[in-house]
Structure formats: C-alpha cells, structure tokens
Amino acid sequence: MVHKFGISQPVPRVEDPRLLRGGGRYVDDVTLPGTVPGYVLRSPHAHARLGAIDTSRAAALPGVLLILTAADYAADGYGPMPRPPASPRNARNAKAVFPPRTPLAQGKVRFVGDAVAFIVAETLAIAKDAAELIEVAYEPLPSVTATADAASGAAPVLFDEAPDNICFIHDLGDAAAVDAGFAKAAHVVRQRFPISRVSANTMENRACICHYDPRADFFTFQAGLQNVFNIRQDIAEVFKQPESKFRIVAEDVGGGFGMKGQLYPEYVLTAWASRRLGRPVKWVAERSEGLISDHHARDNVTEASLALDRDGRFLAMHVDTLVSVGGYAGPMASGPGTNNIGSLAGVYTTPAVCVHVTGVFTNNNPMGPYRGAGRPEAAYVIERLVDLASRELGIDPVEIRRRNMIPASAMPFKTGLSFTYDTGEFEKTMGMALEMADYRGFEARRAAARQRGRLRGIGLAYVIERAAPPGMETVDIRFSPSGTVTVVTAPVDGGQGHATMFTQIVCDRLGVQPEMVRFTRSDSEKLAFGGGVAGSRVSAMGSAAALLAVDKIVAKGRKIAAHALEAAEADLVFRDGEFLIDGTDRRIAITEVAKLAFMPERLPRGLEAGLYETGTHRSDIMNFPNGCHVCELEIDPETGVVALCSYAVVDDVGTMINPLLVKGQIHGGVAQGLGQVFMEEIVYDAESGQMLTGSFMDYAMPRAGDLCNFEVGSNPVPTPTNPLGVKGVGEAGAVGALPAGVNAVVDALAHLGIRHLDMPLTGERLWRAITSASKNS
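Below you will find a few notes about this structure. Keep in mind it's a predicted model, so treat the numbers as computed, not measured. (Residues numbered from 1 in each chain as written. Predicted model: local features only at pLDDT ≥ 70, side-chain atom pairs only at ≥ 80, totals over all residues. Heavy atoms only, no water.)

### A few points about the packing of helix H6 (residues 228–239) against helix H7 (residues 265–277)
Between two packed helices, what matters for the description is the angle formed by their axes and the separation of those axes. Orientation of H6 relative to H7, taken along the N-to-C sense of each, is 55°, at an axis distance of 11 Å. When the interaxial angle is binned, H6 and H7 end up oblique. Where H6 crosses over H7, the two elements pack in a sense that is right-handed. Contacts from Ile235, Val238 and Phe239 of H6 reach H7 at Tyr267, Val268, Ala271, Trp272 and Arg275. Residue classes in the contact of H6 with H7 are distributed as seven nonpolar, no polar and one charged. (Axes fitted to C-alpha atoms, helices over the stretch in contact; angles between N-to-C directions. Helix = DSSP H or I, 4+ residues; strand = E, 2+ residues; numbered from the N terminus. Parallel < 35°, antiparallel > 145°, perpendicular 65-115°, else oblique. Left-handed = near helix turned anticlockwise from the far one by under 90°. Contact = heavy atoms within 4.5 Å. Nonpolar A, V, L, I, M, F, W, Y, C, P; charged D, E, K, R; others polar.)

If you want it as structure tokens, here you go:
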C-alpha cells in the first residue's frame, strides 16, 4: 500500500502553518532574563596598521558594561579562529599559508568591517554611542580588492607570511595528457571568465545569543547555524575547553546557503562577553553590517581553453583560476575553489582535463561557501566554453553537446578530471528539457520578437555536480510510552523542509500517522553527534540514517510483538504499521508494541525496555545530480532591460522523497543563480577599498517581478550510493542558472557580433554592449 504521507508523495510542508502564523522561533525571538546586547566596532579602512585603542571615554558612559579588545583576548589566553583543515594539493610542493586570525583584529585590519572592539551595554543604543567614543589609531595602507590584481607583484601585501599574497595553490588533472590533446587539436576555444563576488543575504541576518552559567562552567549558545556539532568543536577549541562545556542550539533558521556554516568572530565574542559578565549576551547583525562582515562567495577569474577535433569532439580542457580568499583564510576558504572543480568535466567524454587554482588574499570580506560552492562556477566555465565552441565551429548547441555526451551505457564513468559518475541518462534528460521548452519552435518566437523590436535569445546548459560528499549522519527515532514518535536529527532546517521529509520517511516505513510524529530541531545535547547542512547531503545521508533507525525499531518491535502474540518471530510480517501473521487475524500495531515496550513485565526476558533507536549512516561515495536548463528571454535594445520569458529545467535527482520539496529547492536555486547573472554583485572602490554596495539600495536582489514561471521536470535515475537512491537537490538550480542565463543573453546578441559578456548582465551593461556593437557593425 502506498502511504498518502509516504516516500515520493508531493506532501505539503508540515512546517508551513506554524511559520506562516508567526510561530517561528528565530534567534532574535530568544531573550533570556538579564540579556544584554553586544555591538561590534568595525574598521572603516580596508587595510591599516592598528595602533593604540583608547576605550576610557566609552567605558565611562553610563550603561556600558564591558568593552573588549584584542589585548584583552590575548590576556585571557584564548586561541585563534578555525582555519582550513588541510593544505590543497599541488604539483609544486607549495605550502599553503593560513595565518592565524583572532576574533578582534591584531596589528592590522584587512577589510572594511574587520572587528576591532566589542561593546556590551544595557541597551543597543548605548553600545552604539560608546563605540563612537572609542579612539582607534589607524595608519592607513594601500589596499587591493580586485582578485585579478592581488598576485600581480605590485599589490600591497596583507601578510608577511605571504609576500606574494598567495594563500594556496591547488593542481588537479593530467597536464601532460592535456598538452597532448591541445597539440593535435583542429580548433581551440579560449575565454577569460571573471565571476562576480556575491553575498548570501539570508532572510534572517546572522545572530547569536550565549548564556554562560558560572555555577556549572557551561555555555549555552544559540545561533542561526548549519551544523551545531562543528560549531561546538570549533568554539571549544578556541576557548581551549572540552566540548562537554558547550551546548549549541539552532532552532528555526532563516536561510543559510553555506554562509552560516562556519564559526564567526561575533560568536566567539558573544560567548566571551557572557563569560566575563555572567549574563546572557545577544548580538544581531543589521543588514548593512552583514554585507561588510558575512563571508562572501564566488569572486574568481578563470582563463579556460577547450581543444576540439575537426568534428567538434572534445579532446582536452585547461583551466587556470585565481580565487579570492578575502582578508583572512576562514575554515572554508579553500573549499569552493578546490572541492568541486571536478564539475568542470561536465557531462562530456573529454579524455583529459587539468586545473590550476591559486587562492589569493585580498582586502575584502573572507570567503566561504554559497549555494553550490564552486559548482556553479565550474558549470559556468564548461557550458560557456561549449557554447562558444558551438558558434565558432558552426555546430548547433544541442548537437555539439549530444556529440560529446557520456552515454548511459558507460556508467559508472570516470571523467577526464577526478569524478566517477554513478548514474545518469544525460541525452534523455536533455531531450525532455528541450521538448518542455519547445526548443524547435524558438526561431519562430525569435522572429516574432524582432517584429516587436525585441531581441530574443535561448540558452542551454547541461550541468552536473557532486552531492553528499563522504561523511556521516545520525538520526534518532524515539517512541514514547503513549505510542507517539519523536525524530531527532542533527542537520539544521534553514527552509529545506526537513521536518516534512523525515516525517514522510517515518510514516512510510513505520506506518504511523503524521500527526503522531514530532520533529525536533538541532541541539547538540539531544544527539551524540551528527553532520549538518552542506553539499546537498541531508536527503541522501539523513534518509539513510533514518532507515537504519527504522530497521532497528522494527527488529526490536518484532521481538515484543512475537512475545505478545505468542508466536515465533519468523512467522511475523511487518506491514502498514502492524506486525501480523499472514493468513490469520492475529496482529498488533506498532503503536501498541511501543506501549508494551515501556512495560517491563510484558517484555521477553532479557530484552531492554523502550523503543528508541539511533541510525548512523556513513557514506564513502558521493552521488551526482544533473540536469538540463533552458532559459529564454528578450532584451529591449533601447534600454538593455531583460525580460525572462520562460525557464525549463529537467533534473535527475534520483529518487524524490517529496517532489514538491524538490521543485521548491530548484525554484529557489534558479532564482539565486539568475540574481547573480543579471544584478547581484559586491563592488568596491579600487582606490579606497570601500564597499560601494553596502545596502539593498545598491546591492540589487531579484524580486518576483524580475523572474518568470519555472517549469520543472524530472528524469529520476536512482543512485546506488544510498538505500533510497536519493541524489542531492539543494544546489541544483543555482548550478545551472548561471550558464543558461548568460548563454541566452549571448544568443540574443550574437547577430551583433557579441561573443561573450561578463556577469552581472545589468541593463546598463547590455545597453552599452548593444550600442557599441551597433556602432561598429
């Protein structure tokens, strides 16, 4: 029987009624007795030496409780902030440089927004007033905010340990094989791809509250996070304390997208201040403060080349990328630039690919993951190269992809770079997307648009990404004596719908009703350990962990049911929430079994009471969601303004636990990707290093009116890497939107001789390109 609240059913989110009625509980909703606010004094300079910090006038202001500086931090003997866990590999034995960072700047400030002092007062207004009274002696230094300039040899040096501003070097692929491929190529396509710096801009700003209990010498820390256990480990290391002294809680989280996955200076400052004062301390970022202190993303410059034979078949690919890590190397500084570059191989049989990545220090916010974390950048590079090759060789964009696509019969397939793809039906998926988009009818629509004075274009991109990288996940499923079920998980729900997904799994496999299932939010005191939200891992690894716990519950429940029915375990079948003996009317519901589990006198001798189990799934092999995106748009040549006409995507995310949630994830990812294509960009003044996009007045965010209807289809090919055959979906939309959107714009303008344009493709940038091309034509 298919459970109406079971796996693969499009069940509406169980979280929504509570959230839509204002029942969410976010960090700023939490105020403990005696809570006081914290405020960060930040550097107004992109690069400067720090001299004396005079806090005397500020400390004398009535209502000021505490002012902390780097000197206080050193005096208390705490450790540095987390840094990348390992050096990237390279062929030149170059060592990575990860200089230590403390929560408050020492010796130098290295970006506008670098934390200099932390003020705690009775009110936030008093704390802000006190910050204005702190006198800081700055010696301004030249700065470098452009990634392309950082390692030029003429740029200011951020760290003495890195006189060339190089943080790390990472090499991947067979360079000799690539050279051989280029040597025999009939055609070579080359392009430089600057990829703009963006900010996650989550709906809920970063925020935290910490209460240190001096009686127990124990910290209770709550924040909008993505992984409570990683944060517990990191903050314990900073304070040089055992993890057992920290409880980390994340209730409702208003979006994360990778940005909230690391330990930030403000989190340490809040916990430190609470320990100093013995009172709860809360810090909440304002929007503009977030723009100058959150970890940014993307921001790299790639030089890429694709070698082809006379028939348009790919022979080799070479990529050289310069990646900004910002003013400090945070814990994930090297991750986006190195972990996911395997996606550069795309869905193609290219026999040889090599990549050289150089991470450089710049006077900007530190860098970190953001929805896709290297995958969108890689997909953008390969899919733009393929489109460029299509035009230069005169081969239809669909045909050149089909000609080079990995056939389904070749799976599993080892690419010419690093990944081994598990499953996929790429050509079929592309065909479905083209049919959904009515690709064959496009030229008629282009001609009609031209009659209306509009330039119409269509962009195709086929992308693939890794998901659920090796790791582990833990889920607890606990029956109560009344027969209800509580599901405890480690991954933090930042809008993905985890409560719905796990409820579906429990209802499907245990046969209980959804109203009997309670889902608890992330709390390090409720589980021994677990993973978190990153890399599209939860649906694959979390579901596998839940199934392990379910199997244990059914196995133990079978013993109890056999004892109650006076039958042999081997004679019992578990079906639709009941243990039964086939061919008879003898049966007992698992809810009744759960009640018996808490009655020791009703249990078989030697069986432990209770019905609650833990499932811990370990994954050694990643999976590879993939999909074809088709974007169609029109451009007004008089203004450069783009109107999105349609967007079709067919994805292979394996088994869909909830198709409704899958569509929601893809919609959100596409919207974020298109935001970067057409409007989003962090911009700095080259001379002063000041951010010019420090509010939503200048940093443009996509709104509903900027988008169009998204048609989402599916060609699910289950993966063998987990029990349900689930592939990740959280980042899929963002991965495909970058190349599809840009390919569509270039297609609309190709008749003007425009070969490539860099993101963001704002109306002004397009108008200037059209005007310039028209003058030269």
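The structure having been displayed, the exposition proceeds.
### Concerning the pairing of strand E9 (residues 207–213)
When you tally the buried positions in E9, you get six out of seven residues, the bulk of the element. For E9 and strand E12 (residues 281–284), the ladder comprises four bridges, and the chain directions are antiparallel. From the neighbouring strand, Cys210 faces E12, where its bridge partner is Val281. Judged from the six bridges that link them, E9 and strand E10 (residues 218–223) form a sheet pairing that is antiparallel. By the bridge assignment for E10, His211 is matched with Thr220. Between E9 and E10, which pair antiparallel and follow one another directly, the connecting turn spans four residues, one of which, Asp217, has a positive phi of 50°. (Buried < 20%, exposed > 50% of the residue type's maximum accessible area, 1.4 Å probe, protein only. Pairing = 2+ DSSP bridges.)

### Quick look at the packing of helix H14 (residues 498–510) against helix H15 (residues 538–565)
Two elements in contact, H14 and H15, have axes whose closest approach is 10 Å; the angle formed by their N-to-C orientations is 35°. At the point where H14 passes H15, the crossing takes the right-handed sense. Across from His498, Met501, Phe502, Ile505, Arg509 and Leu510 in H14, the residues of H15 making contact are Val538, Ser539, Gly542, Ser543, Ala546, Leu547, Val550, Ile553 and Val554. Class assignment for the residues of the contact of H14 with H15 results in 10 nonpolar, four polar and one charged.

### Description of helix H12 (residues 426–436)
Buried residues of H12: Phe426, Thr429, Met430, Ala433 and Leu434, and no others. The buried residues of H12 occupy one face: seen down the axis, they fall within an arc of 135°. Buried residues along H12 sit in contact with helix H11 (397–404), strand E17 (420–421), strand E18 (455–464), strand E27 (626–635) and strand E28 (642–652). Positive backbone phi, approximately 50°, marks Asp438, located one or two places after H12. (Arc of directions from axis to C-beta.)

### Considerations on the nonpolar core
With 120 residues, the main nonpolar core has Tyr647 and Leu749 as its most contacted residues. The residues contacting Leu749, other than those within four sequence positions of it, are Leu455, Ile635, Ile754, Leu757, Leu766 and Ile770. Grouped together as the second largest cluster of nonpolar side chains are 106 residues, Leu225, Ala297, Tyr370 and Ala545 included. (Core = buried A, V, L, I, M, F, W, Y, C linked by side-chain atoms within 4.5 Å.)

### Let's talk about the sheet that holds E28
With mixed pairing, the four strands of this open sheet are ordered in space as E18-E27-E28-E29. Both edges of this open sheet fall to E18 and strand E29 (710–714), since each of them pairs with a single strand only. Strand-to-strand twist in this sheet, taken as the mean axis angle between neighbours without regard to direction, amounts to 10°.

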